[in-house]
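# Survey of secondary and tertiary structure
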Amino acid sequence: MFEHSKAFSGFSVNDIAQAKQFYGEKLGLTVTEENGMLRLHIAGGASILVYPKGDQHTPATFTILNFPVEDVDTAVDELSARGVRFEKSEWVDAKGIQRGRGPAIAWFKDPAGNFLSVLQN
């Protein structure tokens, strides 16, 4: 039944305008807006729905989007220069990159508090 369906993923935010600015300007994704919701257009022609939940939004406690990159250090440097803050913990280095436990990966949050990551391809 679904083998030919163009399925898509989605997640909520508490402020559509902030999300549009973050995903479009800071992350450099193509973002479209329709009916009060956003579509993030990612590689391969896929899109992700971003919908508002206002005060009822609860940030995801898991990674909602992973962006594989050729060089995680370069990605972290470029995103940091754009104002993206990487999560700090005892498992990450000074840049916020976890190494040696699978692919090198760095987590950050969108303005609504949802977790995203860049990871070594």
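Residues numbered from 1 in each chain as written. Predicted model: local features only at pLDDT ≥ 70, side-chain atom pairs only at ≥ 80, totals over all residues. Heavy atoms only, no water.

When helices and strands are counted, the chain shows two helices and eight strands. Traced from its N-terminal end to its C-terminal end, the chain shows the element sequence β-α-β-β-β-β-α-β-β-β. At 15 Å, the chain has a C-alpha radius of gyration in line with the 14 Å of a compact globule built from 121 residues. Buried positions account for 36% of the 121 residues belonging to the chain. Taking the intrachain contacts of the chain between residues at least 6 apart in sequence as the baseline, contacts between residues at least 24 apart amount to 53%. Of the roughly 7500 Å² that the chain leaves accessible, carbon and sulfur atoms contribute 51%. (Helix = DSSP H or I, 4+ residues; strand = E, 2+ residues; numbered from the N terminus. Rg over C-alpha atoms; globule rule 2.2 N^0.38 Å. Buried < 20%, exposed > 50% of the residue type's maximum accessible area, 1.4 Å probe, protein only. Contact = heavy atoms within 4.5 Å. Areas by Shrake-Rupley, 256 points an atom, 1.4 Å probe, with all protein chains shown as cover.)

Considering the arrangement of structural elements, one finds Pro111 in the loop between strand E7 (105–109) and strand E8 (115–120). We classify Pro111 as partly exposed; its relative accessible area is 39%.

Burial in helix H2 (residues 72–81) covers these residues: Val72, Ala75, Val76 and Leu79. The arc enclosing the buried residues of H2, seen along the axis, measures out at 100 degrees, which places them on a common side. In this structure, the buried side of H2 is in contact with helix H1 (16–26), strand E5 (63–69), strand E6 (97–98), E7 and E8. A distance of 3.0 Å separates the backbone nitrogen of Asp73 from a side-chain oxygen at the start of H2, and that oxygen is part of Asp71. With its phi angle positive at about 100 degrees, Gly83 sits one or two positions after the end of H2. (Arc of directions from axis to C-beta. Polar contact = N/O pair within 3.5 Å; in protein donor to acceptor, adjacent residues only side chain to side chain.)

Right, let's talk about the sheet that holds E8 for a bit. Read across the sheet, four strands follow the order E5-E8-E7-E6 without closing on themselves; strand pairing throughout is mixed. Two strands bound the open sheet, and with one partner strand each, they are E5 and E6. (Pairing = 2+ DSSP bridges.)

Don't take any of this as a statement about function, it's just geometry.
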